[in-house]
Amino acid sequence: MDATSSCPSTPRWNVERPFLTGRFHQETKSRHSEAKGFSMDSLNSTGLEKAIACYHASVQELIVIDDLLSALVGIEGRYISIKRFRGKEFDVTFQIDASMDLALQELAKRIFPLCESFLLINQFVESRSQFKTGLVNHAFAAALRAFLLDYQAMVAQLEHQFRLGRLSIQGLWFYCQPMMGSMLALSTVIHKASANNFMGSAVLNLLQSQAKAMAGDNAVRSLLEKMTQCASSAYLGILERWVYEGVIDDPYGEFFIAENKSLQKESLTQDYDAKYWGQRYSLKDGIPSFLANAAGTILTTGKYLNVMRECGHNVQVPASEDSKFISFGSNHHYLECIKAAYEFSSTELLNLIKEKYDLLGKLRSIKHYLLLDQGDFLVHFMDIARDELAKRLDDISVEKLQSLLDLALRTTAAAADPCHEDLTCCVERSSLLKRLGTLKALEIRSLADSNDLKEPVSISGLETFSLSYKVQWPLSIVISRKALTKYQLIFRFLFHCKHVNRQLCGAWQLHQGVRAINMRGTAIPRSSLLCRSMLKFINSLLHYLTFEVLEPNWHVMHNRLQTAKSIDEVIQFHDFFLDKCLRECLLLLPELLKKVERLKSLCLQYASATQRLISSSVDIPKSEVPSKGSLGLEKSKQGKSRIPSRVLKLAITNSTVTDSILKFEKEFNAELHSLGPILSNSAQAEPHLTHLAQWILGVGNEQ
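What counts as what
- Residues numbered from 1 in each chain as written.
- Predicted model: local features only at pLDDT ≥ 70, side-chain atom pairs only at ≥ 80, totals over all residues.
- Heavy atoms only, no water.
- Helix = DSSP H or I, 4+ residues; strand = E, 2+ residues; numbered from the N terminus.
- Buried < 20%, exposed > 50% of the residue type's maximum accessible area, 1.4 Å probe, protein only.
- Contact = heavy atoms within 4.5 Å.
- Areas by Shrake-Rupley, 256 points an atom, 1.4 Å probe, with all protein chains shown as cover.
- Phe/Tyr/Trp six-rings, centres within 6.5 Å; stacked < 30°, edge-to-face > 60°.
- Lys NZ or Arg CZ within 6 Å of the ring centre and 35° of its normal.
- Core = buried A, V, L, I, M, F, W, Y, C linked by side-chain atoms within 4.5 Å.
- Axes fitted to C-alpha atoms, helices over the stretch in contact; angles between N-to-C directions.
- Parallel < 35°, antiparallel > 145°, perpendicular 65-115°, else oblique.
- Salt bridge = Lys/Arg side-chain N within 4 Å of Asp/Glu carboxyl O.
- Pairing = 2+ DSSP bridges.
- Expected span 1.5 Å × (residues − 1).
- Bend = angle between axes of the 7 residues up to and from the residue.
- Polar contact = N/O pair within 3.5 Å; in protein donor to acceptor, adjacent residues only side chain to side chain.
- Disulfide = S-S within 2.5 Å.
- Left-handed = near helix turned anticlockwise from the far one by under 90°.

**Quick look at the overall build of the protein chain**
Argument step 1. Counting its regular elements, the protein chain contains 23 helices and eight strands.
Argument step 2. Burial statistics for the protein chain: of 703 residues in total, 49% are counted as buried.
Argument step 3. Counting contacts in the protein chain only where the partners sit at least 6 residues apart, residues at least 24 apart contribute 75% of the total.
Argument step 4. A total of about 34700 Å² of accessible surface is found on the protein chain, and carbon and sulfur atoms cover 51% of it.

And the structure:
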């Protein structure tokens, strides 16, 4: 007996279990028109909810279709319920009365995923319409809302067909098929977005990756691509303002460029490790995949526009209808817009810095003073500041040195340079080697080994004097504190070499002053040869530093700057020039530098001892003391000598003088010969040292 026989109130259907069609409904309606008449309206009006198994299969189908139409828009039916999981907002499932006809259950369960997708999408739209979720989620939710309107229109049409008696459950399943793939694809995206709380570019990347994954289904892929374009519209608006105006209009932090407002442009001239240019604006994680290849260009374009705005030079990239970032697609029009904006901002900033702020003129001025290209002011300064520089660090007056420097600049050819007023002087608190050891960014090899060269117990201003240069924004982007520090390191090395050269020249003049005296049997000839060797060494070193290193590298950099296409290229060429000069000037080669410093120290010790050595070797009457010498010999008026001839004091009677000369000669030759092999070996890895090695070895071979 059929299960319906236990329910007397249920009309008997003299048909087999059908798969209903519209024609069947019409026939059924006419066949039972005289009965108390079953209809959905009458069932709804009774308010009774009997077990669905009490109804005939054909009636069950009508009930299930009605419940499914409600479920398709997220409303529970009489025999179809919604189960929600606590703590899981986007996890829902539909359940059906287990007593329902099995065939109807299976067909209904096929439609449940569409019902669940609608609920999931609808909840996502509600939650992502809040302000805190960001502009991309707002735009995505708006696109989903428009899509759901189409979906709900489809459900309304199906319900209309059902009310007309033209819809079976199989027909419902058939008409839901086109929407099924789209809804499931969107629900997959929403599941991932909700689980990870995606915002901004993460949502766009998720939509794009899902669209690529659905490449086999053209309709679904097109839908996801359209969703991506709709969701990206707000993001492209942020991008457009950044690329065309240099403004980050990003209230929810969705843009892939971050601004660090704590980094100020003033730090470029104050902090050696200033991170303004590299980190004031930086790329964040989660760059949209369609912008990944252009992210660096986008970042740079906005940076350039910001620099011009900081200079009070308000400039905006010319915009046209073709330059609007309306959408992105396979034509890559948006990439062409980005490229055009970059080229405009780069050219404008480069012209501004080169022409209005005269970058090349500033660099030439720095070369004149810090690389000693214009040496007449330095000679005059060293003459008038000799006494002050010879003092200990604590006794030096920087203000007095500054006034002497200003005097030297005004009374030499440097006065014609309009930038000479930007030059200032300073006195460091440590020796050159010690200073190099504190600059970790210079990557000096074997820096720990520098401890074996002891810091002098008492160093004077001659070892620590340096020049500085006032640089204003925006030139500080190129000539930063870091770049100036490198210039100063080179200057200190050159300045001290010049000082050693002057001292040795003074010693040589003393030797020349006693040439007329018969020096046979004294240590003077040997001392003269040693002085000449020392002079040749220091002159060879200065020649190498100026004509083999600084001048060629400067001309290479100058030519590159003329053809640079962006400020970043200018910075790159300038930094490369400084790093190359530091290395080729031995400042990044500690082993060689320590040897050279030791040789210079010996030269200074010898030069300072020359006066005592010569006066001990030669008996010169007080009335005939030589009147010239750069080592500070006191001048005396030359009177008429009543002594018929000069009296020589034999060197053999003063073994101390000879021993001193021999000691200087031995130490100098030993250091020089030990430097030769080091230079030769280093020249294999550093070819620029070849000429220096030849000159140094040439000096050594003369000994």
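So, next bit.
**Quick notes on the packing of aromatic side chains**
Argument step 1. Tallied over the entire structure, the rule returns 19 aromatic pairs.
Argument step 2. Each ring, one from Phe 118 and one from Tyr 151, has its centre 5.2 Å from the other, and the planes form 20 degrees; the classification is stacked. Taken as a pair, Phe 118 in helix H4 (residues 102–127) and Tyr 151 in helix H5 (residues 135–163) lie far apart in primary sequence, 33 residues in all.
Argument step 3. A connected cluster of aromatic rings, assembled from ring pairs, spans Phe 381, Phe 465, Phe 491 and Phe 495.
Argument step 4. Directly above the ring of Trp 173 sits Arg 110, whose terminal nitrogen or CZ lies 5.9 Å from the centroid.
Argument step 5. In this structure, Lys 303 packs its charged tip against the face of Trp 277, placed 4.2 Å from the ring centre.

**Some words on the nonpolar core**
Argument step 1. Within the largest apolar cluster, 208 residues are counted, with the highest numbers of intra-cluster contacts made by Leu 72, Ile 298, Leu 467 and Leu 587.
Argument step 2. At 15 residues, the largest contribution of residues to this core is made by helix H19 (residues 524–563).

**Considering the packing of helix H12 (residues 359–370) against helix H18 (residues 481–513)**
Argument step 1. Two elements in contact, H12 and H18, have axes separated by 10 Å at closest approach and are oriented at 30 degrees. Of the possible angle classes, the one that applies to H12 and H18 is roughly parallel. Seen from H12, the contacting residues are Leu 363, Ile 366, Tyr 369 and Leu 370; seen from H18, they are Leu 484, Tyr 487, Gln 488, Phe 491 and Leu 494.

**Quick word on the environment of Glu 126**
Argument step 1. With respect to the helices and strands, Glu 126 occurs in helix H4.
Argument step 2. Looking at Glu 126, the relative accessible area reads 56%, which means it is exposed.
Argument step 3. Between the C-alpha atom of Glu 126 and that of Ala 141, which follows or precedes it by 15 residues, the distance is 7.9 Å.

**Examining the pattern of salt bridges**
Argument step 1. Inspection of the entire model under this criterion finds 26 salt bridges.
Argument step 2. Between Lys 367 and Glu 551 there is a salt bridge, and its shortest N-O distance comes to 2.9 Å. Here Lys 367, found in helix H12, pairs with Glu 551, found in helix H19; they are 184 residues apart in sequence, far enough to count as distant.
Argument step 3. Given the relative accessible area of 8%, Lys 367 is considered buried.
Argument step 4. The residue Glu 665 makes a salt bridge to Arg 526 at a minimum N-O spacing of 2.6 Å. Note that Glu 665 is positioned in helix H22 (residues 655–685) and Arg 526 in helix H19, a separation of 139 residues in sequence.

**Some points on the pairing of strand E5 (residues 423–427)**
Argument step 1. Of all five residues that make up E5, four are buried, and the element is covered over most of its length.
Argument step 2. Bridge analysis of E5 against strand E6 (residues 465–469) gives five bridges, and the strand direction is antiparallel. Within E6, the residue paired with Leu 423 across the bridge is Tyr 469.

**Regarding H4**
Argument step 1. For H4, spanning 26 residues, the distance from its first C-alpha to its last is 37 Å, which sits close to the expected 38 Å at 1.5 Å a residue.
Argument step 2. At Ile 111, H4 shows its strongest bend, of approximately 35 degrees, with the proline Pro 113 following within four residues.
Argument step 3. Where H4 begins, the side chain of Asp 101 points an oxygen toward the backbone nitrogen of Ala 103, at a separation of 3.1 Å.

**Points about the environment of Glu 116**
Argument step 1. Take Glu 116: it is sitting in helix H4.
Argument step 2. Overall, the relative accessible area of 23% leaves Glu 116 in the partly exposed class.
Argument step 3. As for Glu 116 and Ile 82, which are separated by 34 residues in sequence, their C-alpha atoms are 9.0 Å apart.
Argument step 4. Those residues in contact with Glu 116 that sit more than four places away from it in its chain are Val 92, Thr 93 and Phe 94.
Argument step 5. In terms of polar contacts, Glu 116 uses its side chain to reach the side chain of Thr 93, at 3.5 Å.

**Let's talk about helix H20 (residues 567–584)**
Argument step 1. In this model H20 runs 26 Å from its N-terminal to its C-terminal C-alpha over 18 residues, within 8% of the 26 Å that 1.5 Å per residue would give.
Argument step 2. When we look at burial in H20, the residues that qualify are Ile 567, Val 570, Ile 571, Phe 573, His 574, Phe 577, Leu 578, Cys 581, Leu 582 and Glu 584.
Argument step 3. Those residues of H20 that are buried lie in contact with helix H9 (276–279), helix H10 (295–310), helix H11 (333–356), H12, H18 and H19.
Argument step 4. Just downstream of H20 lies Leu 586, where phi reads positive at about 75 degrees.

**Side note on the state of the cysteines**
Argument step 1. As enumerated under the stated definition, the model contains zero disulfides in all.
Argument step 2. The closest cysteine sulfur to the non-disulfide-bonded Cys 425 is located on Cys 426, 7.1 Å from its own sulfur.
Argument step 3. For the unlinked cysteine Cys 531, the closest cysteine sulfur is that of Cys 505, found at 8.1 Å.
Argument step 4. For Cys 531, a relative accessible area of 0% puts it in the buried group.

**Examining the packing of H18 against H19**
Argument step 1. For the pair H18 and H19, the least separation of the axes is 9 Å and the interaxial angle reads 150 degrees. Relative to H19, the element H18 lies roughly antiparallel. Classified by chirality, the crossing of H19 by H18 is left-handed.

**Observations regarding unusual backbone geometry**
For residues besides glycine, phi is generally negative; the peptide bonds are generally trans as well.
Argument step 1. Residue Trp 473 is joined to Pro 474 through a cis peptide bond whose omega torsion reads 5 degrees.
Argument step 2. Here the phi dihedral of Asp 358 falls at roughly 50 degrees; this positive angle occurs in a residue that is not glycine.
Argument step 3. Positionally, Asp 358 belongs in the loop between H11 and H12.
Argument step 4. A residue is classified by how much of its surface remains accessible, and Asp 358, at 37% relative accessible area, is partly exposed.

**A short note on the side chain of Arg 128**
Argument step 1. Residue placement: Arg 128 occurs in the loop between H4 and H5.
Argument step 2. Judged by relative accessible area, Arg 128 falls into the buried class, the value being 7%.
Argument step 3. One polar contact links Arg 128 to Ser 127, side chain to side chain, over a distance of 3.2 Å.
Argument step 4. Setting aside chain neighbours within four positions, we find Arg 128 in contact with Thr 133, Asn 137, His 138, Ala 141, Ala 193, Ser 194 and Asn 197.

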